Amino acid sequence: MCGIVAYVGRKNSVPIMLEGLKRLEYRGYDSSGLALFDEDNNVKIYKKEGKLIELEKFVSNTNKDLFSTIGISHTRWATHGVVNEANAHPISDPDGTMALVHNGIIENYKDLKQNLLNKGYKFKTDTDTEVLVFLVHYYYQVEKCLTKAVQLALKVVEGTYGIAIIHRDFPGQIISAKKGSTLILAIGDNEFFITSDINATIKHTKRVIYLEDGDMVKINHEGYEIFNSDNLSINPEISEIDWDISAIDKGDFKHYMLKEIFEQPISVGNAFRGRLADELNTVRLGGLSASYSDLRNVKRIQIIGCGTSWHAALTGKYMIESLARIPVEVEYASEYRYRNPIVPDDTLVFVISQSGETADTLAALKEARAKGAKVFGITNVVGSTIARETDGGVYIHAGSEIGVASTKAFTSQVTVLALLAILLGRMRHMSPNDGLIYLEELKLIPEKIEMILAQNEQIREISKSIANCTNALYLGRGIDYPVALEGALKLKEISYIHAEGYPAAEMKHGPIALIDENMPVIALASKDFLYDKLVSNLQEVIARKGRIFAVANEGDELIATIANEVIYIPETLPSLRPLLNVIPLQLIAYHVADLKQLDVDQPRNLAKSVTVE
Ligand code: F6R
């Protein structure tokens, strides 16, 4: 949700910020802008509606000579106010002396706006951010101190913010502050950056400080100074990033999503590497080890997430209940946080989030904590807010995921949940031999994913007959059901085809009314004890002229006589099946969107990191 890049150094900030914004475009891509000082130290704002390319074109066509060694910039995902140039950031004060970029939401902006209107302020945008800018302006008039003005303004706003400000009276300085929205200070060689994500600055430096809520940082060409919420100067530890720019390059792939789908043999391996305790036929999860006695005594688990992470959570429920026989509740974070959830004693709560920044998940974490629960995180982004707020947790180590549609993060989340299920199972009644069987099979999963990816061309061919549909139904039973949900979500978010995932047997209770010759039914026909029942469900589809695209296990000859198309995948243990079954569904969604010539990596209306409610 919105991305910020700001720069102070010896170089021209313009290309640095534009390149940084490109790396943050996944966070929002409806408009963008930047603000700099001209040679007379006036603040100049340049902004454009549309994707970043519009701003890039504008700069390279008409403003080639823009130069400033200090600047702030922003890519927007609209919350308050339609998508247009006026509402794009940076936002200026009434005198044009200041520019501010903001990631987050000012929740009490209506009341504040009314107060400012009463004071005579005239608003030019529909954004909540303009309220914050005007507040700083107002307090600056009163206090004559910009730092104080920013602090006073931030005191009266409710909500979340990551901000960066430049002001004509301080031409060598950026002021930045955060609460609830990630903001990172990246420290280079005589240059400093503020960013919402290290992707934007990793090319320049690997040294970063993750700012804490309430922190304010002042940067100039000589250095930086950080103040905490008590206004005390602090010196937080500098972290060293252990990956480099090559990890976020698209390489030869047409889209990030395709690259990330193809990375899964490696990313899944990374999720379990170093965590298999072969000598004991169990699993070692370092981030939870201090809480092993809690895991041993847990009576109930709640797993909370949103979107694809919620689907991973639901997959985790099937795994944990089956392998460890512990009841698991799966919760939408957005519902959990507001419905006064019941969290009995001996409940452990897991929050699951790729970005580690999802606002609803973070709020649910806080609610679970307020109920006295221990909360663990399953996150991808190291140092993210959720990772830092939890009592412990497990990183999925999927590497940077840039495509807005989550793929490799899902399989890595499911891998970690499988590890958790095995660990919990071995702490209870799972035998060493069964533990061994699971560990050995897990080690084979990357190779089996490779075998599915090798069918990419065939899956593209099959996708051609789905690309012209307007609806699609995904069916699966048991642990295949969450995978059906995930397949449907992938298709709808990037191809804009309406798709639903259903437990196959539920079809006859309603969705069957939709089936006709135009309705593709994508069925997960795994060979297990429910296979015959699934086949009966598919017969019901055929009887109504539906078209069946089956994902089935190698050697299944029966399915070929029923389905219009079959994608054969290797067999695995039931609890690990989602790691394989989801791959063809990801590829179908990708190819359908690509065949429709849609913007696969930046689908309309979406953003990768949903830091607003
Ligand atoms: C779908 C997708 C979203 C996210 C959801 C939660 O492809 O990516 O549904 O899964 O917004 O995001 P995280 O996992 O970052 O909390």
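As the structure is a computational prediction, the values presented were derived from the model and not from experiment.

Rules used in this analysis
Per chain, residues are indexed from 1 in the order of the written sequence. Since the coordinates come from a predicted model, pLDDT governs what is reported: local features require at least 70, and pairs of side-chain atoms require 80 or more to be given and counted, while whole-chain, interface and lining totals use all residues. Only hydrogens and water are set aside when side-chain values are computed; all heavy atoms of the structure are taken into account. The secondary structure listing takes helices from DSSP runs of H or I that are at least 4 residues long and strands from runs of E that are at least 2 residues long, numbered from the N terminus. Whether a residue is buried, partly exposed or exposed follows from its accessible area with a 1.4 Å probe, protein chains only, as a fraction of its type maximum: under 20%, in between, or over 50%, in that order. Every residue pair with non-hydrogen atoms within 4.5 Å of one another is taken to be in contact. Accessible surface is estimated by sampling points in the Shrake-Rupley manner with a 1.4 Å probe; for residues, cover comes only from the protein chains shown. A positive count includes Lys and Arg, and a negative count includes Asp and Glu. His and the chain ends are not counted in either. Positions of charges follow a simple convention, taking NZ of Lys, CZ of Arg, CG of Asp or CD of Glu. We call a residue near a molecule or strand whenever a single non-hydrogen atom of that residue lies within 4 Å of it. Under this definition, polar contacts are N or O atom pairs within 3.5 Å; protein pairs additionally need one hydrogen-donor-capable and one acceptor-capable atom, and for neighbouring residues in sequence, both atoms have to be side-chain atoms. Under the scheme applied, nonpolar residues are Ala, Val, Leu, Ile, Met, Phe, Trp, Tyr, Cys and Pro; charged residues are Asp, Glu, Lys and Arg; polar residues are all the others, including Gly. Domain boundaries shown here were taken from an automatic or database domain assignment. Any two strands with at least two DSSP bridges between them are considered paired. Fitted lines through C-alpha atoms serve as axes, helices being fitted only where they are in contact, and the angles separating the N-to-C directions of these axes extend from 0 to 180 degrees. Each reported salt bridge corresponds to a side-chain nitrogen of Lys or Arg within 4 Å of a carboxyl oxygen of Asp or Glu. In these notes the angle categories are as follows: under 35 degrees is roughly parallel, over 145 is roughly antiparallel, 65 to 115 is roughly perpendicular, and the rest is oblique. By convention, the crossing between two helices is left-handed when the near helix turns anticlockwise from the far helix through less than a right angle, and right-handed when the turn is clockwise. Multiplying 1.5 Å by the helix residue count minus one yields the expected span of that helix. Comment: arc refers to directions from the helix axis out to C-beta atoms. Nonpolar cores are built from buried Ala, Val, Leu, Ile, Met, Phe, Trp, Tyr and Cys residues. Side-chain atoms within 4.5 Å join them into one set. Every crossover in which the path from the first strand over the helix to the second runs clockwise, viewed with the strands pointing away from the viewer, is termed right-handed. Any Phe, Tyr or Trp ring, taking Trp's six-membered ring, that has another such ring centre within 6.5 Å forms a pair; planes under 30 degrees apart are called stacked, those over 60 apart edge-to-face, and the others tilted.

**Q** Hey, could you go over the overall build of the chain for me, with residue numbers and the actual values?
**A** Secondary structure assignment for the chain yields 19 helices and 27 strands. Principal axes of the C-alpha set define a box for the chain whose edges measure 75 × 55 × 45 Å. Expressed as a percentage of its 613 residues, the buried residues of the chain come to 61%. For the chain, the share of sequence-separated contacts (at least 6 apart) that also reach a separation of at least 24 residues comes to 71%. When the accessible surface of the chain is totalled, it reaches about 23300 Å², and 49% of it is carbon and sulfur. Taken together, the 65 basic and 79 acidic charged side chains of the chain have centroids lying 2 Å from each other.

**Q** Could you give an account of the site of the ligand, with specific residues and numbers?
**A** Residues in contact with the ligand amount to 15 residues; listed here are only the nearest, Ser309, Ser353, Ser355, Thr358 and Glu493. For the ligand, an oxygen atom lies 2.7 Å from a polar atom in the backbone of Gln354. Between the ligand and the protein, one listed contact pairs an oxygen atom with a backbone N or O atom of Val404 at 3.4 Å. In the complex, the protein chains occlude 90% of the 400 Å² of accessible area that the ligand would expose alone. Those elements giving two or more residues to the shell around the ligand turn out to be α9 (307–324) and α16 (480–495). A per-class count over the shell around the ligand returns 5 nonpolar, 8 polar and 2 charged. Residue assignment places the shell around the ligand across two domains, with domain 2 (255–449) and domain 3 (455–604) each supplying three or more.

**Q** Now, about the sheet that holds strand β4 (residues 70–76): what can you tell me, with residues and values included?
**A** The antiparallel open sheet is built from 8 strands, whose spatial order is β3-β2-β4-β1-β10-β9-β11-β15. Of all the strands in the sheet, just β3 (43–49) and β15 (239–240) have a single pairing partner and so form its edges. Strand direction decides the pairing type here: strand β1 (residues 3–8) and strand β10 (residues 192–195), joined by 4 bridges, are antiparallel. Bridging across to β10, Ala6 finds its partner in Ile194. Strand contacts of helix α1 (residues 13–24): β1, β2 (31–37), β4 and β10, with the helix running at about 155° to β1, the strand carrying the most contacts. Seen against the sheet, helix α2 (residues 52–62) touches β2 and β3 and runs at an angle of roughly 130° to β3.

**Q** Tell me about the pattern of salt bridges, residues and numbers included.
**A** Tallied over the full model, the rule gives 30 salt bridges. Among the salt bridges present, the one from Arg284 reaches Glu279, with a minimum N-O distance of 2.8 Å. Between Arg577 and Asp480 there is a salt bridge, and its shortest N-O distance comes to 3.3 Å. Highlighted residues: Arg577 in the loop between β27 (565–569) and α19 (578–595) and Asp480 in helix α16, separated in sequence by 97 residues. In this pair, the class of Arg577 matches that of Asp480, namely buried. Residues participating in the shared-partner salt-bridge network are Lys254, Arg460 and Asp594.

**Q** Before we move on, could you go through the packing of helix α4 (residues 129–143) against helix α5 (residues 146–156) and cite the residues and values that matter?
**A** Axis separation between α4 and α5 bottoms out at 8 Å; the angle between their running directions is 130°. Accordingly, the angle class assigned to the pair α4 and α5 is oblique. Considering only the axes of α4 and α5, their crossing is right-handed. In contact with Leu132, Leu135, Val136, Tyr139, Tyr140 and Glu143 of α4, α5 contributes Leu146, Lys148, Ala149, Val150, Leu152, Ala153, Leu154 and Val156. Among the residues forming the contact of α4 with α5, the class breakdown is 12 nonpolar, no polar and 2 charged.

**Q** An account of the side chain of Asn537 is needed here, citing residue identities and associated values.
**A** Within the secondary structure, Asn537 sits in helix α17 (residues 531–542). Only 3.1 Å separates the side chain of Asn537 from the side chain of Arg477, close enough to count as a polar contact.

**Q** Can you break down α17 residue by residue, with the values?
**A** Quick reminder: α-helices carry 3.6 residues per turn. Residues three or four places apart thus point the same way. With 12 residues, α17 extends 16 Å between its outermost C-alpha atoms, agreeing within 8% with the 16 Å of an ideal straight helix rising 1.5 Å per residue. Buried residues of α17: Tyr531, Leu534, Val535, Asn537, Leu538 and Val541, and no others. Projected onto a plane normal to the axis of α17, the buried residues spread over an arc of 155° and lie on a single side. On its buried face, α17 sits against β25 (520–525), β26 (547–553) and α18 (557–562).

**Q** Break down the nonpolar core for me, citing the residues and quoting the values.
**A** In this structure, Ile301, Ile303, Ile320, Phe350, Leu424, Leu442 and Tyr474 are the most contacted members of the largest nonpolar core, which totals 90 residues. At 13 residues, the largest contribution of residues to this core is made by helix α13 (residues 408–427). No fewer than three residues from each of domain 2 (255–449) and domain 3 (455–604) sit in this core. Of all hydrophobic cores here, the second largest spans 30 residues; its members include Val5, Ile184, Ala186 and Tyr256.

**Q** I'd like a rundown of the pairing of β27, residues and numbers included.
**A** Pairing analysis gives 5 bridges linking β26 to β27, with the strands arranged parallel. The residue bridging Asn553 from the neighbouring strand is Ile569, located in β27. Chirality of the crossover, the property in question, places the unit of β26, α18 and β27 among those that are right-handed.

**Q** I'd like to hear about the environment of Glu222, residue by residue, with values.
**A** Among the structural elements, Glu222 can be located in the loop between β12 (216–220) and β13 (223–227). Relative accessible area serves as the criterion here: at 68%, Glu222 is assigned to the exposed category. For the pair formed by Glu222 and Gly9, sequence separation is 213 residues and the distance between their alpha carbons is 8.6 Å.

**Q** Describe the sheet that holds strand β24 (residues 498–503), and please don't skip the residues or the numbers.
**A** Across the sheet, which stays open at both edges, the 5 strands sit in the order β24-β23-β25-β26-β27 with parallel pairing between neighbours. For this open sheet the edge positions go to β24 and β27, each flanked by a neighbour on one side alone. Going across the sheet, the axis of each strand differs from the next one's by a mean of 15°, ignoring polarity.

**Q** Account for the domain arrangement of the chain, naming residues and giving values.
**A** As assigned here, the chain comprises domain 1 (3–242), domain 2 (255–449) and domain 3 (455–604). Once you take the C-alpha centre of each, domain 1 and domain 3 turn out to be 45 Å apart.

**Q** Lay out the packing of aromatic side chains with the relevant residues and their values.
**A** Inspection of every chain in the model, using the stated rule, returns 9 aromatic pairs. Taking 5.8 Å as the distance between ring centres and 70° as the angle between the ring planes, the aromatic pair formed by Phe192 and Tyr224 counts as edge-to-face. One end of the pair, Phe192, is in strand β10; the other, Tyr224, is in strand β13, with 32 residues separating them in the sequence. Of the residues examined, Phe192 reaches a relative accessible area of 7% and is grouped as buried. Relative accessible area serves as the criterion here: at 25%, Tyr224 is assigned to the partly exposed category.

**Q** Please set out the pairing of β2 residue by residue, giving values where relevant.
**A** Counting buried positions along β2 gives 7 out of 7 residues, so the element sits mostly inside the fold. Strand direction decides the pairing type here: β2 and β3, joined by 7 bridges, are antiparallel. Each residue of the ladder has a partner; that of Ser31, found in β3, is Glu49. Two successive antiparallel strands, β2 and β3, enclose a turn made up of 5 residues, where Asn41 displays a positive phi of approximately 65°. Of the strand pairs in this sheet, β2 and β4 are connected by 6 bridges, and their pairing is antiparallel. Directly across from Leu34, in β4, lies its bridge partner Ser73.

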